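Spelled out, the chains give:
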Amino acid sequence: MSTTYAMRDSMTMLRRNLKHARRYPSMTISIVAMPVLMLLLFVYVFGGALGAGIELPGGGSGGRGDYTNFVAPGILLMAATAGAVSTAVSVCTDMTEGIINRFRTMSISRSSVLTGHVVGNVIQTMISLALVIGVALLVGFRPNATVVEWLAALGILALLAFGLSWLSAAIGLGSSSVEAASNAPMPLTFLPFLGSAIVPPESMPVGLRWFAEYQPFTPMTDTLRGLLMGTEIGDSAWLALGWGVVLSVLGFLWARSAFHREAKI
Amino acid sequence: MSAATERMAPPQGIRAVGLRKSYGEKVVLDGIDLHVQAGTIFALLGPNGAGKTTTVQILSTLIAADAGEATVAGHSLERSADAVRARIGVTGQFAAVDGLLTAEENMLLMADLHHLDRAEGKRRTAELLRQFELADVAGKMASTFSGGMRRKLDLAMTLVGNPSLIFLDEPTTGLDPRSRRTMWHLIQQLTAQGVTIFLTTQYLEEADRLADRIAVLDQGRIVAEGTADELKRRIPGGHIRLQFSDVLSLDAASRRLELDEGARDEEKLTLQIPSDGSIPALRAVLDLLEGAGVSADALTVHTPDLDDVFLALTGDGSRHHATTVPGPADTAQEARR
């Protein structure tokens, strides 16, 4: 019985958050704008030089077109990250609003508040991903993925968004102000740069290269690229899934304990 | 107000023993006992920082006490917090409404969270919005509401779940006088339906007007408890004030009434005579004056009000920050904020 109530309460909270997202589209717009600008920057400004100067894993002649195919999956990952970390802002805003104390004194499923935020954010992120994919196709991204591969790619992105949303929900709960909540997860959005999203890690200096090879975004990027462009995936898929699950579990546990901690005066 | 007590089958009120709470070094609640009878209005009165909000937060399951026990609405806070939550409603100091939703959506959100079915939720929403005179603005975003409207919506949202006990943490702080009166009226209507109300306030007038019983909280301790009349009786403060036109009459009257220096105010030409303000006491004073051939310009009777009680109980010399005790002037400022 309590499980049905938990589901029902989570759905109620999800509807509430989606209504917020519809009324406050500025957040969604900024989530879409950042990766789109990055995409345009890397394709049109750096694309020619990078395409010619780097040995791309997919082979190819090394022009702007090949680089677009290389960088687009990385940009999608960035978009998923940017979308997910905005959970911190929406959660923190909620915490400062006073309505959260009302929820806490009601006989409702305690986790439904956060579940509503996280699931709402994943949906919002997937919508903005669709827009970013659209723009990528317009600027020359030519994936050769089958329907199944597309679904798998979206699954990886959704899993990443889910894990990072929980993580940033926890960050939002721990932040003293909305500004802090918006800044705190910023480093996460830069992690794709320090992986294989923009250039292959082989081109980096040793220390950075070591970091790039072992951080969670690299296997995710490689898996995504493999699914969409047909490059080699290897054990990246398992690593990507593993990281996604680990991030989700850690984020969930952290967020839950932060939420259950006493209200501050 | 107390008529409701007899009419309703009693859902139990609040019984708390030895509640303590500190944050680090700072002791916020220093062992307080509370007893609130079901169906009554209980006011916890105290200056800012006395621990009122902390008390509400503990009793409404928001935070845990460091020590002490309490049953709220018939259930133990510690053992069955969720059963308590199912029976209480809380309207906090800062309106807990969702600014990005309309008034109606806010109400329906509450209906959903109380697991009412759709039709029942709609019916209850419409009924409460009408009762709170918010029906006209039902489709407006709550963020566009004035303070008074937000507070009304807040209370209406609290009522969606039909709570048997409602916590109102400073329900009228920051409201203009008219909205305050509206809130008072709404609160009084609630007790007519048998709801128990636990109210915190820093306004003496509010406690006097609404509460069946009042506890005065100061620096984490209950310093007095009783009905408004009982509290007023506890402290001296009633007096008759006589106004004279010159110092000569003032002196003559003062001699005749055998008053000491403290009773005279030479600048204002007034005398202050301790008295309960009853007719015989007044007549005795006037007779004495007439016997001495002195006439006063004006006479005013001052009976002790809760202000006197409050200041006497919370504003003693041992307090360093006496300025935080809200006098009438402070109160007016608060209201404007």
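Residue indices follow the written sequence of each chain, beginning from 1 at its first position. By the order in which they are written, chains take letters starting at A while ligands take numbers starting at 1. This being a predicted model, a pLDDT of at least 70 is required before a residue's local features are given, and a value of 80 or more before pairs of side-chain atoms are given or counted; all residues contribute to the totals for chains, interfaces and linings. Working from all heavy atoms in the structure, the side-chain values ignore hydrogens and water.

Where an unreviewed UniProt entry is consulted, chain B appears under the name ABC-2 type transport system ATP-binding protein, with the organism given as Streptomyces avidinii. Its UniProt record gives chain B a comment under Subcellular location (unreviewed entry), which states: "Cell membrane". Reading the Sequence similarities (unreviewed entry) entry of the UniProt record for chain B gives the comment "Belongs to the ABC transporter superfamily. Drug exporter-1 (DrugE1) (TC 3.A.1.105) family." UniProt positions are given in the numbering used here, feature names are shortened, and annotations may be inferred rather than shown by experiment.

Going by the annotation in an unreviewed UniProt entry, the name recorded for chain A is Transport permease protein, with Streptomyces avidinii given as the source organism. What UniProt records for chain A under Sequence similarities (unreviewed entry) is the sentence "Belongs to the ABC-2 integral membrane protein family."

Here the focus is the interface of chain B and chain A. In this description, contact between two residues means that some pair of their heavy atoms is separated by no more than 4.5 Å. Residue-level contacts link 35 residues of chain B with 26 residues of chain A. In short, buried area is how much 1.4 Å probe accessible area vanishes from two parts on joining, totalled over both. Summing both partners gives a buried area of about 2700 Å² for chain B against chain A, and 57% of it is carried by carbon and sulfur. By salt bridge we mean one thing: a side-chain nitrogen of Lys or Arg within 4 Å of a carboxyl oxygen of Asp or Glu. Summed over the shared surface of chain B and chain A, the number is four salt bridges. Between B:Asp154 and A:Arg102 there is a salt bridge, and its shortest N-O distance comes to 2.3 Å. Polar contact is defined as a pair of N or O atoms within 3.5 Å, subject to the rule that within protein one atom must be able to donate a hydrogen and the other to accept it, and that residues adjacent in sequence are counted only when both atoms are side-chain atoms. Where chain B touches chain A, the interface holds eleven residue pairs in polar contact (both at pLDDT 80 or more).

All names here are of chain B. In space, the four strands of this open sheet follow the order β12-β13-β11-β14, with antiparallel pairing throughout. Of all the strands in the sheet, just β12 (264–265) and β14 (298–302) have a single pairing partner and so form its edges. Note: two strands are recorded as paired if DSSP finds a minimum of 2 bridges between them. Counting from the N terminus, the helices are the DSSP runs of H or I reaching at least four residues and the strands are the DSSP runs of E reaching at least two. Of the strand pairs in this sheet, strand β11 (residues 239–243) and β14 are connected by five bridges, and their pairing is antiparallel. Across the sheet, residue Ile240 finds its bridge partner in β14, namely Val301. Helix axes are fitted to C-alpha atoms over the stretch in contact, other axes to C-alpha atoms as well, and angles between N-to-C directions run from 0 to 180 degrees. Across the sheet, helix α11 (residues 279–292) is in contact with β11, β13 (270–274) and β14; its angle to β11 comes to roughly 30°.

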